[in-house]
Amino acid sequence: MILPVVAFGDPVLKRVADDIAPNTDVKALVANMFETMYAANGVGLAAPQIGQSIRLFVIDSTLMQEEGEEGKGYKLAFINPEILEETGELWGYEEGCLSIPGIRAQVQRRPVIKIKYFNENWEPQEMTFDGMNARVIQHEYDHIEGKLFIDYITQLRKQLLKGKLSDISKGKVDVSYRMKFPVK
Ligand code: NI
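Here the structure is a predicted model, which is why all the values come from computation and not from measurement.

Let us look at helix H1 (residues 27-39). Helix length check: H1 (13 residues) gives 18 Å between terminal C-alpha atoms against 18 Å at 1.5 Å per residue, within 8%. Buried within H1 we find Leu-29, Val-30, Asn-32, Met-33, Phe-34, Thr-36 and Met-37. As for H1, its buried residues are in contact with strand E1 (5-6), strand E2 (44-46), strand E3 (56-60) and strand E4 (75-87). A positive backbone phi angle near 60 degrees is found at Asn-41, which sits one or two residues after H1.

The structure is reproduced here in structure tokens:
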């Protein structure tokens, strides 16, 4: 089932999400999140973006690899994840977000992360990711911490984007996927 993607301005995007009780069946939710993400041509989607303030996100970076990015892509669900370390020298990349359509900005992140999490079968995992895989995970992890990629940009740039962001909250945006707008 395709779910509406919550737009910028909804308080759920600013909330630190709650842990999911162990062994909760999240399989249907995970499937819906993948379906929603694919319908919107995204490479990652976090539960707050579908209005649920819980610590869960999905990624499919195999889609990016097909567009010529180096390395291996992953299709994974992360439940109650915890980033254990982020290492390497900061590197910048223009990020976007399904909740903030039409806006992109350079975000500096570290290239290597070690993360522990549960998969959708509640099996504990510990993995190291780098490059774009790490970046997508860091972006989605930020979502469950109530943080958006535009929180990294300068106040000046944010000021310049104010009108555009306000339009997104009101639904004054041209977008090809279903969204839910906080301001009517
Ligand atoms: Ni995002």
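To continue, consider the layout of surface pockets. In this structure, the largest pocket occupies an estimated 720 Å³ of space. Lining the largest pocket are 29 residues, and of these Asn-41, Gly-42, Val-43, Gly-96 and Arg-104 lie nearest its centre. Looking at the lining of the largest pocket, the elements with two or more residues in it are helix H2 (62-66), strand E5 (91-95) and helix H3 (131-144). Considering each element in turn, the lining of the largest pocket owes the most residues, six residues, to H3.

Residues in a regular strand project their side chains so that they alternate between the two faces of the sheet. In terms of strand pairing, strand E7 (residues 112-118) meets strand E8 (residues 124-130) through seven bridges, oriented antiparallel. Its bridge partner being in E8, Lys-116 is matched across the sheet by Glu-126.

Each value, and the rule that gives it
Residues numbered from 1 in each chain as written. Predicted model: local features only at pLDDT ≥ 70, side-chain atom pairs only at ≥ 80, totals over all residues. Heavy atoms only, no water. Helix = DSSP H or I, 4+ residues; strand = E, 2+ residues; numbered from the N terminus. Expected span 1.5 Å × (residues − 1). Buried < 20%, exposed > 50% of the residue type's maximum accessible area, 1.4 Å probe, protein only. Contact = heavy atoms within 4.5 Å. 1 Å grid on protein atoms, 1.4 Å probe; cavity = no way out; pocket = protein on both sides within 12 Å on 5 of 7 lines; lining within 4 Å. Points joined across faces, edges and corners; volume = space filled by probe spheres on them. Pairing = 2+ DSSP bridges.

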